[in-house]
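The lines below spell out each chain.
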Amino acid sequence: SFQVLPQIKAKTTNYRRKARLAVRKVMKKGGVLIGFREKYSSFITDMDNCQVLVAEVAVLIEPLKTLLFSLKAADEIPQIEVAVGESDADADADESANKCVALVIRHLKPLSDADKLSLEHFAAEKSLDIYLQAAGVDSVKKLFPKDDIDRLHYYLPEFDLDVSFHPMDFTQINGEINRSIVSRTIEMLDLTEEDTVLDLFCGLGNFTLPMARK
């Protein structure tokens, strides 16, 4: 026999905190396209907003188009990785005032000092972390702010945990759902100090660390 558990639900809009946005300069359209790739296609869906991305990222799409079109390297930027962290352990995971946004700009050729300065000004204006990616993942370097902090954070307050992550690390895309599935998993495992758990492909420790609390 088995038990059907209640479905874990959260809001269905403005929840996605990790994404890869494609970028393409299209002179026929007089600007830069930013969006997701169409299904089974290399075409980019031209977006000016997105009801799936967290609101703090969705509102950046239009100004990002203008910014990238102004860069000398506009033809050499194929994608932007988006990562969103939380700034406050006490706030809800889906609370809009609780977000820290990082953008990783992939560029195929070195950026000029003028282009870098434009990106820095944009990041300062919008309160963003900006990273540059010249090649593979190992090439990712922080451009702004000028500090040595290359970690974002998300919180699992039920377990008193602050999980730090690099913008290129894998995290669950829905913060509210993640808190719920971790909570349910730990509840169902009903762990004691005598238990041994093998957590395969544990990543950042999203489940491992809460289990260790038990």
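Just above, that's the structure.
Bear in mind the structure is a predicted one, so any value in this text is a computation, not a measurement.

Reading guide: rules and limits
Residues numbered from 1 in each chain as written. Predicted model: local features only at pLDDT ≥ 70, side-chain atom pairs only at ≥ 80, totals over all residues. Heavy atoms only, no water. Helix = DSSP H or I, 4+ residues; strand = E, 2+ residues; numbered from the N terminus. Contact = heavy atoms within 4.5 Å. Polar contact = N/O pair within 3.5 Å; in protein donor to acceptor, adjacent residues only side chain to side chain. Phe/Tyr/Trp six-rings, centres within 6.5 Å; stacked < 30°, edge-to-face > 60°. Buried < 20%, exposed > 50% of the residue type's maximum accessible area, 1.4 Å probe, protein only. Lys NZ or Arg CZ within 6 Å of the ring centre and 35° of its normal.

Visitor: Account for the environment of histidine 166, with residues named and values stated.
Guide: Position of histidine 166 relative to the elements: it lies in the loop between strand S8 (161-165) and helix H4 (175-189). Separated by 81 residues in sequence, histidine 166 and glycine 85 place their C-alpha atoms 9.8 Å apart. In this structure histidine 166 touches Tyr131, Val140, Asp150 and Arg151, once residues within four positions along its chain are discounted.

Visitor: With reference to specific residues and values, describe the environment of lysine 146.
Guide: Considering the arrangement of structural elements, one finds lysine 146 in the loop between strand S6 (141-144) and strand S7 (152-156). Distance in space between the C-alpha atoms of lysine 146 and leucine 71 is 21 Å, their sequence separation being 75 residues. Reaching out from lysine 146, the side chain makes a polar contact with the backbone oxygen of leucine 143 at a distance of 3.2 Å.

Visitor: Give me the packing of aromatic side chains: which residues, what numbers.
Guide: Per the counting criterion, the structure on display carries one aromatic pair. Judged by centre distance (5.9 Å) and plane angle (50 degrees), the rings of tyrosine 154 and phenylalanine 165 are tilted. With a gap of 11 residues between them, tyrosine 154 in strand S7 and phenylalanine 165 in strand S8 connect regions that are remote in the sequence. For phenylalanine 165, a relative accessible area of 1% translates into the label buried. Directly above the ring of tyrosine 154 sits arginine 17, whose terminal nitrogen or CZ lies 5.0 Å from the centroid.

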